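Fold and contact review
Chain by chain, the residues run as shown.
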Amino acid sequence: EDVTSFVGRRRELAEVKKLMSSSRLVTLTGMGGIGKTRLALRAAGEVRRAFSDGVCLVELADLRSPALLPHVVAAELGLGDARTRWTTQTLAEYLRTRQVLLLLDNCEHLVAPCAVFAAQLLRVAPELRILATSREPLRAAGEHVLPVPPLSVPEQDNASGDLLHYEAVELFIQRAAARLPEFRVDDDTRAEVARLCRHLDGVPLAIELAADRVRTLTPKQINDRLASRLGLLSGGDRASANRQQTLRASIDWSYNLCSESERRLWARASVFSGGFDLDGAEGVCTAEDLSAAEVLDLVTGLLDKSVLLREQRGDRVRYRMLETIRGYGQERLRASGEFAEMRRRHRRWYVGLATDAYDRWLGPGQVELLGRVRAEHANLRAALEAA
């Protein structure tokens, strides 16, 4: 059962249930703290009656040995004692005639073993359904992937109308009132609350951690200190897993799941402002230890791990990081000693883009050029500031 109220997610909840009615394996993906587990638990609770043999939650975050996966699932199903040697095959036989919803939570560090495990169970047990949460897809046969987006936020700090229309604001107000019963949003705090939720990208974990600070800081003071957000946003629920008690711990978990090359690209790509395209990543982030030929696969890997978000503008795909992810990457970039060099490379790239647009402005490609310059506005401004 939910200990705290479930806020928003009506569209996502409906989509999860729709996918589960047509697919036997559904994976919810997204960055740490985005609310995958909470959404999965709510969806499982709402479809519980469809499974005569019940719903089984299996928490995998602390599991390190893939060989123990069948044992952990068997234990959660209440099967036998610790001496029983459960295998995927014997577990599949047990589930063969049963209607069970298996909720595999936090699969990202065991993606390949979980994919094989799920495929083998589903092959033998026709009434079994699996709902998984992971920072990247399992890539198992028949899997349907549903990326979990951030909560909705006001587009402007001075948003008009009812702020509770925005999921992130509703969550912040509810959690803040739970910490400080006299907390209210009035004309003086309205813009600051809207600004705070926007700056936190609508990430539920970040918003809950920020709400915890209302006991000692006003919304304006929290906003003023967000430059050091990874340190400010800490002190969550002590009963939660360690990685959910601070924003830094949650992002550390994602960082540790990346390969060395993915970490390198994550850090270097944090120099972009407002997103970037593949050409930009190849032009700015490559060096002796990272070739342009590797960038596409590394971008794909970071997309899979929910470090990057994909956006399509016309016939071009762009990528962006949530600000908390970008800030973490910049910390890593500074620690590596590459920050100044990456800013120089970034500036050089956008000088080249602006020069090319100027040279080709009067011609048949003007509309395309204008679109690209508009898409790169934040990067062009950052390059000017860095000059």
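Everything discussed here concerns the structure shown above.
Everything in this summary refers to the structure shown in the same document. (Residues numbered from 1 in each chain as written. Predicted model: local features only at pLDDT ≥ 70, side-chain atom pairs only at ≥ 80, totals over all residues. Heavy atoms only, no water.)

Structural notes on the overall build of the protein chain
What the protein chain contains, in helices and strands, is 18 helices and 8 strands. Taken over the C-alpha trace, the protein chain has a radius of gyration of 23 Å; the compact-globule value for 387 residues is 21 Å, and the two agree within 12%. Each principal axis of the C-alpha atoms in the protein chain carries an extent, and together these give about 70 × 55 × 40 Å. Taking all 387 residues of the protein chain together, the buried fraction comes to 47%. Here the analysis covers contacts within the protein chain between residues at least 6 apart in sequence; of these, 71% occur between residues at least 24 apart. Here the protein chain displays about 19,200 Å² of accessible surface, and carbon together with sulfur accounts for 49% of that area. (Helix = DSSP H or I, 4+ residues; strand = E, 2+ residues; numbered from the N terminus. Rg over C-alpha atoms; globule rule 2.2 N^0.38 Å. Buried < 20%, exposed > 50% of the residue type's maximum accessible area, 1.4 Å probe, protein only. Contact = heavy atoms within 4.5 Å. Areas by Shrake-Rupley, 256 points an atom, 1.4 Å probe, with all protein chains shown as cover.)

Observations concerning unusual backbone geometry
Backbone phi values are negative for most residues with the exception of glycine, while trans is the configuration of most peptide bonds. For Arg139, which is not glycine, the phi torsion reads 60° and is therefore positive. Position of Arg139 among the secondary structure elements: in the loop between strand 4 (129-134) and strand 5 (143-147). Looking at Arg139, the relative accessible area reads 56%, which means it is exposed. At Ser306, a position not held by glycine, the phi torsion is positive, near 65°. Relative to the helices and strands, Ser306 resides in the loop between helix 14 (292-304) and strand 7 (309-313). Ser306 sits in the buried class, given a relative accessible area of 11%.

What to know about helix 4 (residues 88-95)
All of the buried residues in helix 4 are Thr88, Leu91, Ala92 and Leu95. In a view along the axis of helix 4, the buried residues occupy a sector of 100°, so they form one face of it. At its buried positions, helix 4 is contacted by helix 3 (69-76) and helix 5 (111-124). (Arc of directions from axis to C-beta.)

Brief notes about the packing of helix 13 (residues 278-285) against helix 14
The contact between helix 13 and helix 14 brings their axes to 9 Å, and the two run at 130°. The pairing of helix 13 with helix 14 is recorded here as oblique in orientation. In this structure, helix 13 crosses over helix 14, and the sense of that crossing is right-handed. Within the contact between the two elements, helix 13 uses Leu278, Ala281 and Glu282 and helix 14 uses Ala292, Val295, Leu296 and Val299. Counted by class, the contact of helix 13 with helix 14 contains 6 nonpolar, no polar and 1 charged residues. (Axes fitted to C-alpha atoms, helices over the stretch in contact; angles between N-to-C directions. Parallel < 35°, antiparallel > 145°, perpendicular 65-115°, else oblique. Left-handed = near helix turned anticlockwise from the far one by under 90°. Nonpolar A, V, L, I, M, F, W, Y, C, P; charged D, E, K, R; others polar.)

Some remarks on helix 7 (residues 190-199)
Count 3.6 residues to each turn of an α-helix, and residues three or four apart come out pointing the same way. Listing the buried residues of helix 7 in full gives Glu192, Val193, Ala194, Leu196 and Cys197. Looking at the buried positions of helix 7, the neighbouring elements they touch are helix 6 (167-179), helix 8 (204-211) and helix 9 (219-224). Asp201 lies just past helix 7 and shows a positive phi near 60°.

Details of the sheet that holds strand 6 (residues 276-277)
Strand order in the open sheet formed by 3 strands is 6-8-7, with antiparallel pairing between adjacent strands. With partners counted over all chains shown, the strands left at the sheet margins are strand 6 and strand 7, one partner each. Looking at chain direction, strand 7 and strand 8 (residues 316-320) are connected through 5 bridges and run antiparallel. Looking across to strand 8, one finds that Leu309 is bridged to Arg320. (Pairing = 2+ DSSP bridges.)

Notes on a nonpolar patch on the surface
On the surface, a cluster of nonpolar side chains totalling about 310 Å² of accessible area is made up of Trp361, Leu362 and Leu370. Counting through the fold element by element, Leu370 comes out in helix 17 (residues 366-375). Assessed through its relative accessible area of 31%, Leu370 is described here as partly exposed. (Patch = residues over 30% accessible without salt bridge, like charges linked within 9 Å, V, L, I, M, F, W, Y side chains within 5 Å. Salt bridge = Lys/Arg side-chain N within 4 Å of Asp/Glu carboxyl O.)

Quick notes on the environment of Gly35
Structurally, Gly35 is set in the loop between strand 1 (25-29) and helix 2 (36-46). Assessed through its relative accessible area of 21%, Gly35 is described here as partly exposed.

Digging into the pairing of strand 8
Two strands pair when backbone bridges link them, and strand 6 and strand 8 are joined in this way by 2 bridges, in the antiparallel orientation. Opposite Phe276, over in strand 8, you have Tyr319 as the bridge partner. As consecutive antiparallel partners, strand 7 and strand 8 are separated by 2 residues, and within that stretch Gly314 has a phi angle of approximately 65°, a positive value.

Regarding the environment of Ile173
Examined against the element boundaries, Ile173 turns out to sit in helix 6. For the pair formed by Ile173 and Pro150, sequence separation is 23 residues and the distance between their alpha carbons is 17 Å. Setting aside chain neighbours within four positions, we find Ile173 in contact with Leu164, Phe183 and Val185.

Quick notes on the nonpolar core
Formed by 78 residues in total, the largest nonpolar core has its most connected members in Val16, Leu28, Leu131, Phe172, Trp266, Phe272 and Ile325. With 6 residues, the single largest contributor to this core is helix 8. Not counting residues up to four positions away in its chain, the partners in contact with Ile325 are Met31, Ile251, Trp266 and Val307. Grouped together as the second largest cluster of nonpolar side chains are 31 residues, Leu25, Val58, Val73 and Ala74 included. (Core = buried A, V, L, I, M, F, W, Y, C linked by side-chain atoms within 4.5 Å.)

Treat this as a map of the structure, not an account of what it does.
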